[in-house]
Amino acid sequence: MGPLADAAEYVPEDEPLLAARANAADLGGTEPVLPEVGAALRFLACAVGARTAVEIGTGCGSSGIWLLRGMRPGSTLTSVDTEPEYQRMARKAFTQAGFAQNQARLILGRALDVLPRLSDGTYDLVFCDADTRDYVDYLAAALRLLRPGGVVAFNNALLAGPADPPEDDDEGDGGSSLGSSISSGSSDSSLDLASQVRASDRLVPVLLPLGDGLLAAVKRGD
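Bear in mind the structure is a predicted one, so any value in this text is a computation, not a measurement. (Residues numbered from 1 in each chain as written. Predicted model: local features only at pLDDT ≥ 70, side-chain atom pairs only at ≥ 80, totals over all residues. Heavy atoms only, no water.)

Engineer: Account for the overall build of the chain, with residues named and values stated.
Structural biologist: When you go through the chain residue by residue, the secondary structure sums to eight helices and seven strands. Buried positions account for 50% of the 222 residues belonging to the chain. Of the contacts formed within the chain by residues at least 6 apart in sequence, a portion of 68% connects residues at least 24 apart. Total accessible area computed for the chain in this model is approximately 10500 Å², and 51% of it derives from carbon and sulfur atoms. (Helix = DSSP H or I, 4+ residues; strand = E, 2+ residues; numbered from the N terminus. Buried < 20%, exposed > 50% of the residue type's maximum accessible area, 1.4 Å probe, protein only. Contact = heavy atoms within 4.5 Å. Areas by Shrake-Rupley, 256 points an atom, 1.4 Å probe, with all protein chains shown as cover.)

Engineer: For the pairing of strand E1 (residues 52-56), give the residues involved together with the corresponding values.
Structural biologist: In terms of burial, E1 is a largely internal element, four of the five residues being buried. Direction of pairing for E1 relative to strand E2 (residues 76-81): parallel, over a ladder of five bridges. For Thr 52, the partnering residue across the bridge sits in E2 and is Thr 76. For the handedness criterion, the β-α-β arrangement of E1, helix H3 (residues 62-70) and E2 is classed as right-handed. (Pairing = 2+ DSSP bridges. Right-handed = clockwise from strand over helix to strand, strands pointing away.)

Engineer: I'd like to hear about the sheet that holds E1, residue by residue, with values.
Structural biologist: If you walk across this open sheet you meet the seven strands as E3-E2-E1-E4-E5-E7-E6, and the pairing is mixed. Two strands bound the open sheet, and with one partner strand each, they are strand E3 (104-108) and strand E6 (203-208). Averaged over all pairs of adjacent strands, the angle between strand axes in this sheet comes to 15 degrees, irrespective of strand direction. Where strand E5 (residues 146-154) and strand E7 (residues 214-219) come together, four bridges link them in antiparallel fashion. What sits directly across from Ala 153, in E7, is Ala 216. The strands that helix H6 (residues 135-145) touches are E1, strand E4 (123-128), E5, E6 and E7; relative to E5, the one it contacts most, it runs at about 160 degrees. (Axes fitted to C-alpha atoms, helices over the stretch in contact; angles between N-to-C directions.)

Engineer: For the pairing of E6, give the residues involved together with the corresponding values.
Structural biologist: A regular strand places its side chains on the two faces of the sheet in alternate fashion. Here E6 runs beside E7; their pairing, made up of six bridges, is antiparallel. Of the residues in E7, the one forming a bridge with Pro 205 is Ala 217. Taken together, E6 and the strand that follows it, E7, pair antiparallel across an intervening segment of five residues, in which Gly 211 is found at a positive phi of about 60 degrees.

Engineer: Before we move on, could you go through the packing of helix H1 (residues 15-27) against H3 and cite the residues and values that matter?
Structural biologist: For the pair H1 and H3, the least separation of the axes is 9 Å and the interaxial angle reads 155 degrees. Comparing their axes, H3 and H1 come out roughly antiparallel. Where H1 abuts H3, its residues Pro 16, Leu 17, Ala 20 and Arg 21 lie against Ser 62, Ile 65, Trp 66 and Arg 69. Looking at the contact of H1 with H3 residue by residue, the class counts come to five nonpolar, one polar and two charged. (Parallel < 35°, antiparallel > 145°, perpendicular 65-115°, else oblique. Nonpolar A, V, L, I, M, F, W, Y, C, P; charged D, E, K, R; others polar.)

Right under this line is the structure:
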């Protein structure tokens, strides 16, 4: 075997992943994770011994397949998306990849509305692949959801800029939740996501040069 041309060749996509990618291309509006990002997700899920994971942005199932392949047998992936057609295709992809229906809990809705209903400190991994403008809010939610030693990961992290300033009223769920959620760190809404993760003393981060940046961090013990 000759030298690898790029990281994508090291762990190539198989038929279920290729089918999920084709479905995403047909539907439009969603971009599957790159193969090298998927391989990193599988690695992280396996390294942390994940039994429970949350995915923000189901898409057509590519990242979910990678995550489930790294998780322990019988594990459960909770995946949130606003598009029912994406989740229908993701369910099909999970079945084609050989996963039982109860291994993927697909929740239709806006993540910032759904995440508060999930239990504190009970998840091993949280993966975000959605609108990067909401990533700082997802960071706050992930710190609440993760157990000590759990991992949070953000796809396209380098595209996530500073948090929007909080609204003056009490409605909405903009950037105001972040400060209280990582108050023991060095939170600053003027910083971009990567800088906020790096500044938090509750996280041990790494920024991998995959795609537009795969940012991952381990939540320290209390």
